[in-house]
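Analysis of the macromolecular model
Here's the letter readout for the chains.
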Amino acid sequence: MRETPGAAKPSTKNVPRNVVVVLLDSLNRHMIGAYGGREFATPHLDRFAARAMRFTRHYAASLPCIPARHDILCGAWDFLWRPWGSVELWEDAITCQLHKEGVVSQLISDHPHLFETGGENYHVDFTAWDYQRGHEGDPWKTKADPSWTGAPMFGPKRDLPYDRSRGYFRGEEDFPGPRTMQAAARWIGENVNAHQRFFLFIDEFDPHEPFDTPDEYAKRADPDWDGPALIWPPYMQGAVAKGVISEREGKHIRARYGAKLMMIDHWFGRVLDALDAAKAWDDTLVIVTTDHGHYLGEKDIWGKPAVPLYETIARIPLMIAGGGISAGSNDALTTSADIFATLADVFGVTGKIRQRTHGKSLLPLLDGTASSIRDWILAGVWGREVHYIDRAMKYARAPAAKNAPLSMWSNRWSTMPTHFLSRDREMPLPDDRAMLARMPGSKVPVICQMWDESDAVPYWAYARFSGNHLYDLTNDPSENENLAGSARERHAAEALRAALKSVEAPEEQFQRLGL
């Protein structure tokens, strides 16, 4: 497994036997009490943080949902090569190698994208997997339950999958998030002492939208609201300024997110209780993190629209406890692919991974044998700005002119996501422009095709750009002063160019970005 330059050596000190990863989707770092959040109560995340190493400079890399999971489960940044997709032919999820080593692995999730086009084979190498149905776009039910009218979506004809499922959630324990956490707690109680080594991945879709909860949580978050439940946020910049929503409606949307956060925090407490009861902390590493944040009005941005990756969405929580780790905070620069490298380090498979990876093990930071493991990271969404982030700056480089050349490198064209648009509108099939290439570090041929201006692309790639962005994260953590165009940008551009070269990014990325 070849890593980017400067990787710390794998740790051999105090390596735990087991790992539990809890991924809460769209979890905003600045809303967790342990990270200074005061808007909403997160007592169980704070309870976990009290015994954990809390990382303060942890960043998402490949966004959004499935690309972020590719970082964690496959260890490689894929946003430079493809938009979104399942495990490729030249690579393996970490669970493939764990299976060969006799490590039991379990996936428990309510995340619908893991079981639809574009994400459907991340689960296959787990020893077992448990899918709790009914969240967001999950096509679980063919008809709504007409016997109950307690669901806030019933009424207007929208025919969304969630609308059909919602009537089957009678009590709080029936929502997908609580069911997922209950299933995880049961698994811990039944399995912690049944296997020599295990990896449990709890991929929980909350607090992702729809921001729908029982009334108790919504009233706690926004007691004065008397309008309809606004559980689907707009995905746009300037929603209030453009009159799409009012300031009061924006406040309610933010509160509904807070309600979802409070609900899943409550049920996360069941998982902590199960770990306590099983006395699992001494030999089990427990990692709590997210895939990315979620804009809820910061800079009048809502959802995950096509804008540069500001700190709200890119700087994410990472807390690690158990395995003899001392509680505290750590300001080393880290990113999501480092979780993959940590899993490989813990289970002793670092040298057995087929694909080129970009992660660095966190164990040296956890046991105190290193104070840093990397100097920079790359981050982005395919077809959008490419971001270079180090301890001092964030540089978002947009296309120099037209957003071209755009390319996709994949042998999984038939499994690219088409849930948002029709198959013939979301992205073109391979045609006579396709050629065979090689991913860095692999001898497996891969289909590579360039787009032209007549081709359809995913919606985020044809949105407008606002130029380059350069922020001094030390002196301007709120990213209010864009320094692009100043003398500092030349240094930033050279740093980005060197980083792209070190990961052997496609040549067309250099052309597209004017590098």
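Figured I'd write up the structure that's included with this text.

Definitions and limits used
Throughout this description, residue numbers start from 1 for each chain and increase along the sequence as written. Local features are withheld for residues below a pLDDT of 70 in this predicted model, meaning they are given only at 70 or higher, and side-chain atom pairs are given and counted only at 80 or more; totals for whole chains, interfaces and linings count all residues. Side-chain numbers come from the whole structure's heavy atoms, not from hydrogens or water. When DSSP finds two or more bridges between two strands, those strands count as paired. Working definition: helices are DSSP H or I runs of at least four residues, strands are E runs of at least two. Numbering for both runs from the N terminus. Contact between two residues is taken to exist if any of their heavy atoms lie within 4.5 Å; hydrogens are not considered. To obtain an axis, a line is fitted to C-alpha atoms, over the contacting stretch when the element is a helix, and the angle between two such axes runs from 0 to 180 degrees between their N-to-C directions. The aromatic pairing rule takes the rings of Phe, Tyr and Trp, using the six-membered ring of Trp, and pairs them if the centres are within 6.5 Å, calling planes under 30 degrees apart stacked, those over 60 edge-to-face and the rest tilted. Exposure is judged per residue with a 1.4 Å probe applied to protein chains only, and the accessible area is read against the type maximum: over 50% gives exposed, under 20% gives buried, and values in between give partly exposed. Sitting over a ring, as applied to charges here, requires NZ of Lys or CZ of Arg to be within 6 Å of the ring centre and within 35 degrees of the ring normal. We define a nonpolar core as any set of buried Ala, Val, Leu, Ile, Met, Phe, Trp, Tyr and Cys residues linked to one another through side-chain atoms lying within 4.5 Å.

1. Some remarks on the sheet that holds strand E14 (residues 386-390)
- The strand order across the open sheet formed by five strands is E3-E13-E14-E15-E19, and the pairing between neighbours is mixed. Edge strands, defined here as strands with exactly one partner in the open sheet, are strand E3 (62-63) and strand E19 (469-472).
- Relative to E19, strand E15 (residues 393-397) runs antiparallel, the two being bridged by four bridges. In the strand pairing of E19, Ala396 is matched with His469.
- Lying on the sheet, helix H12 (residues 488-502) is in contact with strand E13 (376-381), E14, E15 and E19; it crosses E15 at an angle near 75°.

2. Thoughts on the packing of aromatic side chains
- Taken as a whole and assessed by the stated rule, the structure comprises 18 aromatic pairs.
- Look at Phe169 and Phe175: their rings are 5.2 Å apart centre to centre, the planes differ by 45°, and that puts the pair in the tilted class. Here the two residues Phe169 and Phe175 agree in accessibility, since each one is buried.
- Aromatic ring contacts, followed pair by pair, group Trp140, Tyr162, Tyr168, Phe169, Phe175 and Trp232 into a single cluster.
- Here the guanidinium or amino end of Arg384 rests over the ring plane of Phe465, the centre of that ring lying 4.1 Å away.

3. Section: the nonpolar core
- With 58 residues, the main nonpolar core has Trp77, Leu80, Leu378, Tyr388, Trp451, Leu496 and Leu500 as its most contacted residues.
- At the level of secondary structure, the elements contributing two or more residues to this core comprise helix H8 (311-314), E13, E14, E15, strand E16 (407-409), strand E18 (445-450), E19 and H12.
- Sort the elements by how many residues they give to this core and H12 lands first, with six residues.
- In this structure, Leu500 is in contact with Leu80, Leu378, Val386, Ala505, Phe510, Leu513 and Leu515, ignoring residues within four places of it in sequence.

4. Observations regarding the pairing of strand E8 (residues 284-289)
- The buried fraction of E8 amounts to six of the six residues, a majority that puts the element mostly inside the structure.
- Neither face of E8 is exposed, since Thr284, Val286 and Val288 on one face and Leu285, Ile287 and Thr289 on the opposite face are all buried.
- Pairing between strand E1 (residues 18-24) and E8: six bridges, direction parallel. Within the sheet, the bridge partner assigned to Val20 lies in E8 and is Val286.
- Where E8 meets strand E11 (residues 318-321), four bridges bridge the pair, whose relative direction is antiparallel. By the bridge assignment, Ile287 is partnered in E11 with Ile320.

5. Topic: helix H2 (residues 65-74)
- Across the 10 residues of H2, 10 count as buried, placing the element largely inside the fold.
- Contact partners of the buried residues in H2: E1, E3, helix H3 (94-100), strand E6 (198-204) and helix H9 (337-346).
- Looking one or two residues beyond H2, the residue adopting positive phi is Gly75, at roughly 80°.

6. Concerning the sheet that holds strand E17 (residues 435-438)
- Within the open sheet, the three strands sit side by side as E16-E18-E17. Their pairing is antiparallel. Single-partner strands in this sheet number two, and they are E16 and E17. Averaged over neighbouring strand pairs, the angle between their axes works out to 35° when direction is ignored.
- Relative to E18, E17 is paired through four bridges, and the arrangement is antiparallel. Considered in E18, the bridge of Ala437 is made with Val446.

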